[in-house]
Amino acid sequence: MNTTQRKKITTLLKLSFLGLFVLLFSSCNKDNESSHLSIRMTDAPANYDAVLIDLQGVEITGSGGASVLLDANAGIYNLLDFSNGMDTLIASGDLDAGDVSQIRLILGTNSAVIIDSIAYPLSTPSASQSGLKLQVHHTFEPGVSYGILLDFDANQSIVVKGNDEYQLKPVIRTIDVALSGSIRGSISPIGIKATITAESNGTSYSSVCNEKGEFLLIGLPAGVYDITITPDFPLLPITIRGKTVAMGVSTKLDLIVL
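Conventions used here
Residues numbered from 1 in each chain as written. Predicted model: local features only at pLDDT ≥ 70, side-chain atom pairs only at ≥ 80, totals over all residues. Heavy atoms only, no water. Salt bridge = Lys/Arg side-chain N within 4 Å of Asp/Glu carboxyl O. Helix = DSSP H or I, 4+ residues; strand = E, 2+ residues; numbered from the N terminus. Buried < 20%, exposed > 50% of the residue type's maximum accessible area, 1.4 Å probe, protein only. Phe/Tyr/Trp six-rings, centres within 6.5 Å; stacked < 30°, edge-to-face > 60°.

## A look at the pattern of salt bridges
Phase 1: One pass over the full model with this rule turns up four salt bridges.
Phase 2: In this structure, Arg 40 engages Asp 87 in a salt bridge whose closest nitrogen and oxygen atoms are separated by 2.8 Å. Here Arg 40, found in strand S1 (residues 34-44), pairs with Asp 87, found in the loop between strand S5 (75-78) and strand S6 (88-96); they are 47 residues apart in sequence, far enough to count as distant.
Phase 3: A residue is classified by how much of its surface remains accessible, and Arg 40, at 34% relative accessible area, is partly exposed.
Phase 4: Glu 59 is paired through a salt bridge with Arg 104; the nearest N and O atoms lie 3.0 Å apart. Taken together, the residues span a long stretch of sequence, with Glu 59 in strand S2 (residues 50-62) and Arg 104 in strand S7 (residues 98-107) at a distance of 45 residues.
Phase 5: Relative accessible area serves as the criterion here: at 14%, Glu 59 is assigned to the buried category.
Phase 6: On the basis of relative accessible area, Arg 104 is assigned to the buried category, the value being 17%.

## Brief notes about the packing of aromatic side chains
Phase 1: Taken as a whole and assessed by the stated rule, the structure comprises four aromatic pairs.
Phase 2: Ring geometry for Tyr 77 against Phe 82: centres 6.3 Å apart, planes inclined by 55°, an arrangement best described as tilted. The pair Tyr 77 / Phe 82 is uniform in exposure class, with both members buried.
Phase 3: Plain terms: the ring middles of Phe 140 and Tyr 146 are 4.5 Å apart, the flat faces sit at 25° to each other, and that makes the pair stacked.
Phase 4: According to the relative accessible area criterion, Phe 140 is buried, its value standing at 2%.

Nothing here speaks to function; it is geometry throughout.
Now the structure itself:
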């Protein structure tokens, strides 16, 4: 191999390494400019046999108006399977870092509520037929993974229209679990239906106990709460005052005997 050939090979190797470096740099730079988002769904218990939601897609909208469809786990979900601390992943994906203003849940036509083993279709108000729009106002930093928990309150989301007609008017909170706390507890005797409300500084959060008498209030800002348990008549309400909730902590109450 002569000197000229050696120079040509050396030049080709340098160009190859340079091309590989540019490719790797561009790939890393692209990764660093995006954020990863996971969206999970949970529910407060409700006094129905099942609440079935036909989820078809999840869309994220930035403050500039650009929208991104996440990879959604489409299907029909029974909300009551995800109560008292249970949740499920419904969508995830990468998106450009920056401000996010809205989450849109795209629903199909097969949502239903089951009462006494009978399924009733859940109609959707015309304002929600293009999707359930949730205002979030988050700023996502590049190269960071984020998680948002959607608290779907099935008990408040179903409106009885009469003549065995039911309408889905979703009541959903978006929760940053790391920046909130929770209150959990149980009542006795088991089998009593009761509503649990936690109130602090004029703002209240509510749920109902499940068939085991257990309840969980999630997504509570840090603060001091008064908790009221309101059972069905003729039992009287009970209020527990001055319970502290801290970020990232679940405050457990002693057994509440009605």
